[in-house]
Amino acid sequence: MKIIFTVLSLLLIHFSAYTQVSEKELKKSFAPKGNHRSPFKGATEACLVSVNLQFKLASKEQLEKRNTGKVISWAFLEGIDDRLMQEIADEYYVRLEKKFNQQNIILSQKFRDNDSYQKLVDKNKDRERETYKKNWGISKIFTSNKEPYVEYPVMAMGNHASMGNQLKMPVGSIFLTIDFAEFILNISKSTTIQGLIETKSKSTLVPHVRIEAVTQSGPQMRGDGSYSLFTGTNWGFTNAILTQDALIQSDLSYATATEAAKGIPESMKRFKSNVAGDLVGIFSGGLVGNGRGTGEFTYTVYADPVKYKAAVLDALDKYNDYLIAYINSNR
């Protein structure tokens, strides 16, 4: 009876984690998972080579309508420092490890002795941790436990695939982008009775934490959005790439105040000169000049550090539920 009870307990643990997120939600939230040789089939161990959190410190969104114009919004996050972001990254690893343990998967450190791991570290050693992309904003990357920053390539073959095949267990790299703002944008054009054309643009900022999906595909995807890539025995792989249809966010509030940004925020002044130059363009009105009706809006969001940490970890917990359900659906 004891043996039967133990088996049933393990099945219930596995089933409850799987049913937290429906199959429909998974298909909506993640791109195709990989090939039929899932690395997680029968796995009792796994390795996380690198767990990377990309914190957006400036967030951008734009809306363009043909023959009407473009509206652009930027938001800048104030009140968050490097120490707090590293603290969140370390805590996230602890919570992620617990999730894997609940699925009877122990996180192993065996990858450290593998030659392919060192090759990955060497190949990624010059990767920038501060990033600036004109299509979505400015960010800084922190790795859990201050491990080397390693990103798997998108293709199925390489040192990452060799490592998973040699260790005969799932070996993965996780990269998650944490946004702090949502914009609701609108732009419209109308003609008055006098025949005058009026263009109106509107921007609404909603400060909340969400896990951001990828905005690019192929090799450009690296460093953009959120994805968990795993390889394993017989060159099998499972890729959990968050799609634009996904909505993983925290309902916890973190902002103490929001206001229109009047100039380059203090947090942005420490970024390298080319970023600072682009920011000057934003505040001087040089970013949009297409000759049509346009609107530019800039905001500063002031965060309570304690509440921000709670909101980020809440969103990451939700992501973990999706990730585990996704892994189990192909396990």
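1. Some remarks on helix H5 (residues 159-167)
- In terms of burial, H5 is a largely internal element, seven of the nine residues being buried.
- Lysine 168 lies just past H5 and shows a positive phi near 55 degrees.

2. Re the side chain of serine 250
- Among the structural elements, serine 250 can be located in the loop between strand S11 (237-241) and strand S12 (255-260).
- The contacts of serine 250, once residues within four sequence positions are left out, are His208, Val209, Ala311, Asp314, Ala315 and Lys318.

3. Some words on the pairing of strand S1 (residues 45-65)
- With 15 of 21 residues buried, S1 lies mostly within the body of the structure.
- As paired elements, S1 and strand S3 (residues 106-107) share two bridges and run parallel to each other. Pairing of glutamate 45 across the sheet is with isoleucine 106, part of S3.
- One ladder, built from eight bridges, connects S1 with strand S6 (residues 171-179); its direction is parallel. If you follow glutamine 54 over to S6, its bridge partner there is threonine 177.
- Direction of pairing for S1 relative to strand S2 (residues 69-78): antiparallel, over a ladder of eight bridges.

4. Let's talk about the pattern of salt bridges
- In total, this model carries 14 salt bridges according to the counting rule given.
- Measuring nitrogen to oxygen at the nearest pair gives 2.6 Å for the salt bridge that ties glutamate 87 to lysine 309. With glutamate 87 in helix H3 (residues 82-102) and lysine 309 in helix H7 (residues 305-329), this pair connects stretches of sequence that are 222 residues apart.
- Residue classification places lysine 309 among the partly exposed positions, given a relative accessible area of 22%.
- Residue aspartate 317 is joined to arginine 95 by a salt bridge in which the shortest nitrogen-to-oxygen separation is 2.6 Å. With a gap of 222 residues between them, aspartate 317 in helix H7 and arginine 95 in helix H3 connect regions that are remote in the sequence.

5. Examining the packing of aromatic side chains
- Evaluated as defined, the whole model comprises nine aromatic pairs.
- Judged by centre distance (5.0 Å) and plane angle (70 degrees), the rings of phenylalanine 40 and phenylalanine 230 are edge-to-face. Taken together, the positions of phenylalanine 40 in the loop between helix H2 (23-29) and S1 and phenylalanine 230 in strand S10 (residues 227-231) put the pair 190 residues apart, joining distant regions of the chain.
- A connected cluster of aromatic rings, assembled from ring pairs, spans Phe30, Tyr319 and Tyr326.

What counts, and where the lines are drawn
- For every chain, the first residue of the written sequence is number 1, and numbering continues from 1 onward in sequence order.
- Thresholds applied to this predicted model are a pLDDT of at least 70 for local features of residues and 80 or more for the giving and counting of side-chain atom pairs; totals over whole chains, interfaces and linings are not thresholded and use all residues.
- Hydrogens and water molecules were not included; the side-chain quantities draw on all heavy atoms of the structure.
- Whether a residue is buried, partly exposed or exposed follows from its accessible area with a 1.4 Å probe, protein chains only, as a fraction of its type maximum: under 20%, in between, or over 50%, in that order.
- Strands here mean DSSP runs of E at least two residues long; helices mean DSSP runs of H or I at least four residues long; both are numbered from the N terminus.
- We call two residues in contact when some of their heavy atoms are within 4.5 Å.
- Any two strands between which DSSP finds at least two bridges are classified as paired.
- The term salt bridge refers to a pairing of a side-chain nitrogen on Lys or Arg with a carboxyl oxygen on Asp or Glu at a separation within 4 Å.
- Put simply, two rings from Phe, Tyr or Trp (the six-membered ring, in Trp's case) pair if the centres are within 6.5 Å, and we call them stacked under 30 degrees between planes, edge-to-face over 60, tilted for the rest.

Any functional reading would require information that these geometric values do not contain.
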